[in-house]
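Residue-level listing of the chains:
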Amino acid sequence: MKTENFSECYRHSMAHILAKAVVEIFGKENVQLAIGPQISEGFYYDFLLPRTVTPDDFEMIESKMREILKRKEDFRYVEVSREQALEEFKGQQFKEELIEELPEGETISIYYTGDDFKDLCRGPHVSNSAELLSCAFKIKSVSAAYWKGDEHNAVLQRIYVFAFETKEELKAHLKFLQEAKERDHKILGPQLDLFFMDPTAPGMPYWLPKGWKLFNTLLDFWREEHEKRGYQEISSPLINHNSLWITSGHWDHYRDGMFTIPVDENNTYGVKPMNCPNSIVVYKRTNRSYRELPLRLSDCDVLHRKEKSGELNGLLRVQMFRQDDSHNFITEDQIYDEVNAILDIADLFYGIFGLTYRPELSTRPEDFMGDINLWNKAEENLRDILNKRYGEDGYDVNEGDGAFYGPKIDIMMKDALNRQWQMGTIQLDFQLPRNFDITYADKDGTEKVPVIIHRVIYGSIERFIGILIENFKGAFPFWISPVQVGIVPIREEHSEYAKEVMEALQKKRIRCEADFSENHMNKKIKAFRNYKIPYVLVLGNEEAEHKTVSINIRGGKQLKNVPLEQFVKVCSKMNEERTLQLVESEEQMK
RNA sequence: GCCGAAAUAGCUCAGUCGGUAGAGCACUUCACUCGUAAUGAAGGGGUCGAGGGUUCGAGUCCCUUUUUCGGCUCCA
């Protein structure tokens, strides 16, 4: 008989089985149990153990778990007092700590699995471990984890386990992971000649011609849309004397994240990790009037941020990157309209790639600075905007998670492995304007302090490209494809017509490459296909005679003898309209 | 930073018990002039991530180090 809410609790019960297995293997007195929650693909359990667990141990632990399951022991629920609980878990330092921290009046419960294993647990659980026999599990990995996620605390060993109700589900999940590998931008990027990394510059991508074309195509789009909206692009120094960073507060709060350059005994420069201070230097250059606001100073200069070793991840976490940044200087009354307008841009940009995102609002933290009334008003504005745009369930709220200088809205996206990344962000800043003492002259002639909005839409272009690669598996929409059309003359005698085709395409700024080598046409087609080029044209006698092209469409489809003129038109249209889908049908081509 | 795994030709990888490094693709040359995902033949290409140690001898064993990957966010 299966427990009623089986699917909600089997992973959690399984976590107890893992803990029991580990205790039996290492001996009760050698194991300190921490916590073992269920997670999206299974569960984990944190332990303090006498030695490190390695992948060689997985099989042994798994079979011990199976052995325990076969004992068909009951999960027995017992409520206890705090004193009893402390007595029961005497010597288990983490459990003791947890018990001490439980709020007054809360029911404290223990689950027994058999008579010889117990765990502090709120449950629920299956009633007998036999129920778990039909489940599928597999130890995924082991990693270090800190007690309560704090690096100052004890280092624990976390054993991750995949767990599903059926073998089929586990199999499907392993298949998903296999497919995610095929989307991995770290593999596809270098394979498609977009970028690579060199050990002398960890986390600092080298952009190859194809990747840089993609990069710049994204920036062209960004510039076009932002110019329309009154943004003005600037560029500023990459390194500044530390006096600037002292004023901005970065020297005190962010120095560990900065690359610094000592110039002589008395002077140190810092490489910019953010653009804001220099944008403010630009703002400060002249007296500003309320008539100029919102003043939107955008830039996409190179930024450097030092990351802890082990934190880097392909293009998704780098040490050198560019943001499609802007600092919008506004009045307090302009918060609503400006944030709303920025989200309009975000919807446009994400929509054009068919990407969905989830906004996240972070509100006032305990150590906030500035005027609480301004905070309240701003947060009210942001909630109102988010409610109207995405509905109350359409975004998440992280109470108290905002920066000390202002609330923010983050745009979150997932990579191929479903890991969450922050992409765009809209951060209100009430503090930096005060640090730099910037003002504007208001209508009545008084000097007022502007609010700054730090905002990015793509986020870091590097990270955005990483997500794009994984999302499209490297098969980009036509308009951002580094090479849009590959041209294959069948024999040397077709080179002349191939050149004609190439010129017709280039005239319309369609990015194409022709292969005039003596190789067999199959070889040429294959080479282009490996780059996931949208269209590969095959040109021979037929095509030259009738001024047509035969098209190999990415994905496998073929169209024969499409009039050249028509093909150029279709390509131009996709570039102009930034079409997401590739035109594949004969009707649209003819 | 912490735990685990990994690094061999441009790429993907093999290399057994420690005996002096190999395949496929790619590249070069020659032949083939070809109608839709691998034409044939020949050839070049390596400080086995780096440094140190053990050994008669190290890609292989030990230590250090660099880089990369998975995790360190899911809360009894």
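Above this text you will find the structure in question.
Rules used in this analysis
- Residues numbered from 1 in each chain as written.
- Chains lettered and ligands numbered in written order.
- Predicted model: local features only at pLDDT ≥ 70, side-chain atom pairs only at ≥ 80, totals over all residues.
- Heavy atoms only, no water.
- Buried < 20%, exposed > 50% of the residue type's maximum accessible area, 1.4 Å probe, protein only.
- Helix = DSSP H or I, 4+ residues; strand = E, 2+ residues; numbered from the N terminus.
- Pairing = 2+ DSSP bridges.
- Near = heavy atom within 4 Å.
- Polar contact = N/O pair within 3.5 Å; in protein donor to acceptor, adjacent residues only side chain to side chain.
- Nonpolar A, V, L, I, M, F, W, Y, C, P; charged D, E, K, R; others polar.
- Core = buried A, V, L, I, M, F, W, Y, C linked by side-chain atoms within 4.5 Å.
- Contact = heavy atoms within 4.5 Å.
- Phe/Tyr/Trp six-rings, centres within 6.5 Å; stacked < 30°, edge-to-face > 60°.
- Lys NZ or Arg CZ within 6 Å of the ring centre and 35° of its normal.
- Arc of directions from axis to C-beta.
- Salt bridge = Lys/Arg side-chain N within 4 Å of Asp/Glu carboxyl O.
- Axes fitted to C-alpha atoms, helices over the stretch in contact; angles between N-to-C directions.
- Parallel < 35°, antiparallel > 145°, perpendicular 65-115°, else oblique.

Draft legend 1. View of the pairing of strand β5 (residues 108–113). Counting buried positions along β5 gives six out of six residues, so the element sits mostly inside the fold. Neither face of β5 is exposed, since Ile108, Ile110 and Tyr112 on one face and Ser109, Tyr111 and Thr113 on the opposite face are all buried. The pairing of strand β4 (residues 75–80) with β5 spans six bridges and is antiparallel. When the bridges of β5 are listed, valine 78 appears paired with isoleucine 110. Looking at chain direction, β5 and strand β6 (residues 117–120) are connected through four bridges and run antiparallel. Its bridge partner being in β6, tyrosine 112 is matched across the sheet by lysine 118. Hairpin connection of β5 to β6: three residues between the antiparallel strands, including glycine 114 at a positive phi of 70°.

Draft legend 2. Just the protein's contact with RNA strand B, in detail. For RNA strand B, the set of nearby residues contains 58 residues, the closest of which are Leu120, Arg122, Ser309, Arg529 and Glu543. Here, RNA strand B places atoms within 4 Å of the protein, and 51% of those atoms are sugar or phosphate. Separating a sugar or linking oxygen of RNA strand B from a backbone N or O atom of cysteine 121 is a distance of 3.4 Å. One of the side-chain N or O atoms of arginine 529 is found 2.4 Å from a base nitrogen in RNA strand B. Among the elements of the structure, β2 (38–39), β5, β7 (136–146), β8 (155–164), α16 (521–530), α17 (541–546), β28 (548–553) and β29 (558–563) are those that each provide at least two residues to the surface near RNA strand B. Taken together, the residues of the surface near RNA strand B sort by class into 22 nonpolar, 19 polar and 17 charged.

Draft legend 3. Summary view of the nonpolar core. Counting residues in each nonpolar core, the largest one holds 59 residues, and the members touching the most others are Val339, Tyr350 and Phe353. Going through the elements one at a time, α7 (209–228), α11 (335–352), α12 (372–390), β20 (408–414), β21 (420–429), β24 (451–460) and α14 (461–472) are the ones with two or more residues in this core. In contact with phenylalanine 353, other than residues within four places in its own chain, are Leu218, Tyr458, Phe464, Leu468, Asn471, Phe472, Trp479, Ile480 and Leu580. Ala21, Val23, Tyr111 and Leu170 belong to the second largest nonpolar core, which has 40 residues in total.

Draft legend 4. Representation of the packing of aromatic side chains. On inspection of all chains with the given rule, the structure shows 24 aromatic pairs. Measuring from ring centre to ring centre gives 5.3 Å for phenylalanine 349 and tyrosine 458, while their planes differ by 70°; the resulting arrangement is edge-to-face. Note that phenylalanine 349 is positioned in helix α11 and tyrosine 458 in strand β24, a separation of 109 residues in sequence. The class of phenylalanine 349 is buried, set by a relative accessible area of 0%. Members of the aromatic cluster, each reached through a chain of ring pairs, are Phe221, Phe349, Tyr350, Phe353, Tyr357, Tyr390, Tyr458, Phe464 and Trp479. Stacked on the ring of tyrosine 112, the Lys or Arg arginine 76 has its end atom at 4.5 Å from the ring centre.

Draft legend 5. Geometry of the side chain of histidine 250. The topology assignment puts histidine 250 in helix α9 (residues 250–253). Filtering out sequence-adjacent residues up to four positions away, histidine 250 remains in contact with Trp245, Arg255, Met258, Met274 and Pro277.

Draft legend 6. Quick look at unusual backbone geometry. In this chain, leucine 293 is followed by proline 294 through a cis amide linkage whose omega measures -5°. Positive phi, normally seen in glycine, also occurs at asparagine 561, with a value near 50°. Along the chain, asparagine 561 falls in strand β29.

Draft legend 7. Local environment of helix α4 (residues 93–101). Within α4 the residues assigned to the buried category are Phe94, Lys95 and Ile99. One face of α4 carries all of its buried residues, which in axial projection span an arc of 135°. Lining the buried residues of α4 we find β1 (32–33), β3 (42–48), α3 (82–88), β5, β6 and β8.

Draft legend 8. Region of the structure containing the pattern of salt bridges. In this structure the tally under the stated criterion is 39 salt bridges. For aspartate 116, the salt bridge goes to lysine 20, with nearest N and O atoms at 2.8 Å. Here aspartate 116, found in the loop between β5 and β6, pairs with lysine 20, found in helix α1 (residues 6–26); they are 96 residues apart in sequence, far enough to count as distant. Relative accessible area serves as the criterion here: at 1%, lysine 20 is assigned to the buried category.

Draft legend 9. Quick peek at the environment of asparagine 387. Relative to the elements of secondary structure, asparagine 387 occurs in helix α12. Apart from residues lying up to four places away in sequence, asparagine 387 is in contact with Glu392 and Tyr395.

Draft legend 10. Up close: the sheet that holds strand β12 (residues 239–241). Across the sheet, three strands lie side by side as β12-β14-β13; this open sheet has antiparallel pairing. In the strand order of this sheet, the two ends are held by β12 and β13 (260–264), each with one partner. Pairs of neighbouring strands in the sheet enclose a mean axial angle of 30°, with direction left out of account.

Draft legend 11. Region of interest: the side chain of lysine 272. By the element assignment, lysine 272 lies in the loop between β14 (267–271) and α10 (276–284). By relative accessible area, lysine 272 is classed as buried at 0%. A distance of 2.8 Å separates polar atoms of two side chains, one belonging to lysine 272 and the other to aspartate 301. Those residues in contact with lysine 272 that sit more than four places away from it in its chain are Ser236, Pro237, Leu238, Trp245, Asn278, Asp301, Val302, Leu303 and His304.

Draft legend 12. Spatial organisation of the sheet that holds strand β25 (residues 485–489). Strand order across the open sheet formed by five strands is β26-β25-β27-β28-β29, with mixed pairing between neighbours. Of all the strands in the sheet, the pair left with one neighbour each is β26 (512–514) and β29. Along the sheet, successive strands turn relative to each other by an average axial angle of 25°, direction set aside. Where strand β27 (residues 535–539) meets β28, four bridges bridge the pair, whose relative direction is antiparallel. Residue pairing in the sheet places tyrosine 535 in a bridge with isoleucine 553 of β28.

Draft legend 13. Just the packing of α7 against α14, in detail. Running from amino to carboxyl end, α7 crosses α14 at an angle of 110°, the nearest separation of the two axes being 11 Å. Comparing the axis directions of α7 and α14 gives the class roughly perpendicular. On the side of α7, the interface is formed by Leu214, Phe215, Leu218 and Leu219, while α14 contributes Ile461, Glu462, Phe464, Ile465 and Leu468. Residue classes in the contact of α7 with α14 are distributed as eight nonpolar, no polar and one charged.

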